[in-house]
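Coordinate inspection notes
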Amino acid sequence: MSVLTAYTIHSTALRKAQENEALREEISTEPSFTYSDEDKGKFVSRMTAGVQLSLEPAEEAIIAKTDELIESQNQLEKVLEEEANRVQKAEAVISEVQQIMMKVPQYRQKLVQIKKEMANIQRRTSKLSAKSLQLKAARDKIVATERQQAAKLANLEARVVTTTPTPTSSGSGSGKVAVVRD
């Protein structure tokens, strides 16, 4: 039920109450003729009953409308409390997000620093790989040279051993060995 309907019912009941009040004032003024106390009592009780009967439907309607309005207000209050709780939770989330967003520049700076360090490590690794390849090539060259020299030496020794000693006049070997050079 709308507030306008409740207001209309209330204003109608108020108007009737004012009319009844006006009637009461007329009745309470001293009439030009006199009534006995018993007649006055009967008259007042009848008037009171009449006023009560005329106001009773409006009163019941007003009470019903008031109860409906109170129930509506209670429901609205519950909804508002729920919305207030949602707003508080949203504000808390927003606050957390703002705190995180304030840390973003720091995290970005750390990320840039890590990227620089990774690039530096990659550069150093590349240099070490190149140096390793150079050292391996030099070692292979040394090993090849050593093998060549060992082969030459073995070849030379084989030649020396295969040469026979020349005979001398005394009949004993002088032990001279001819050395062949490349």
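Read on for an overview of the structure. (Residues numbered from 1 in each chain as written. Predicted model: local features only at pLDDT ≥ 70, side-chain atom pairs only at ≥ 80, totals over all residues. Heavy atoms only, no water.)

**Some words on helix α2 (residues 37-162)**
Taking 1.5 Å as the rise per residue, α2 with 126 residues should run 188 Å; its terminal C-alpha atoms sit 174 Å apart, in good agreement. By the largest-angle criterion, E56 marks the main kink of α2, which is about 40°, and a proline, P57, follows within four residues. Along α2, the residues that are buried comprise V51, A58 and K65. (Helix = DSSP H or I, 4+ residues; strand = E, 2+ residues; numbered from the N terminus. Expected span 1.5 Å × (residues − 1). Bend = angle between axes of the 7 residues up to and from the residue. Buried < 20%, exposed > 50% of the residue type's maximum accessible area, 1.4 Å probe, protein only.)

**Side note on the environment of A13**
Among the structural elements, A13 can be located in helix α1 (residues 3-28). Since its relative accessible area comes to 9%, A13 is described here as buried. Once the C-alpha coordinates of A13 and S54 are considered, the two residues, 41 residues apart in sequence, prove to be 9.4 Å apart. Every residue in contact with A13, bar those within four places of it in the chain, is listed here: L55, A58 and I62. (Contact = heavy atoms within 4.5 Å.)

**A few points about the environment of L55**
Locating L55 in the fold gives a position in helix α2. Residue L55 is classed as partly exposed on the basis of its relative accessible area, which comes to 22%. Along the backbone, L55 and A13 are 42 residues apart, and their C-alpha atoms lie at a distance of 7.0 Å. Ignoring sequence-local partners within four residues, the contact set of L55 consists of A13, K16, A17 and N20.

**Side note on a nonpolar patch on the surface**
On the surface, a nonpolar cluster with roughly 440 Å² of combined accessible area is contributed by V93, V97, I100, M101 and V104. Examined against the element boundaries, I100 turns out to sit in helix α2. For I100, a relative accessible area of 51% corresponds to the exposed category. (Patch = residues over 30% accessible without salt bridge, like charges linked within 9 Å, V, L, I, M, F, W, Y side chains within 5 Å. Areas by Shrake-Rupley, 256 points an atom, 1.4 Å probe, with all protein chains shown as cover. Salt bridge = Lys/Arg side-chain N within 4 Å of Asp/Glu carboxyl O.)

**A look at the pattern of salt bridges**
Taken as a whole and judged by the stated rule, the model has two salt bridges. The salt bridge involving R86 is made with E83; its shortest N-O contact spans 2.8 Å. With R86 and E83 both in helix α2, this residue pair falls three residues apart, about one helical turn. Here R139 ties to D140 by a salt bridge, and the two come within 3.7 Å at their closest N and O atoms. R139 gets classed as partly exposed once you look at its relative accessible area, which sits at 49%.

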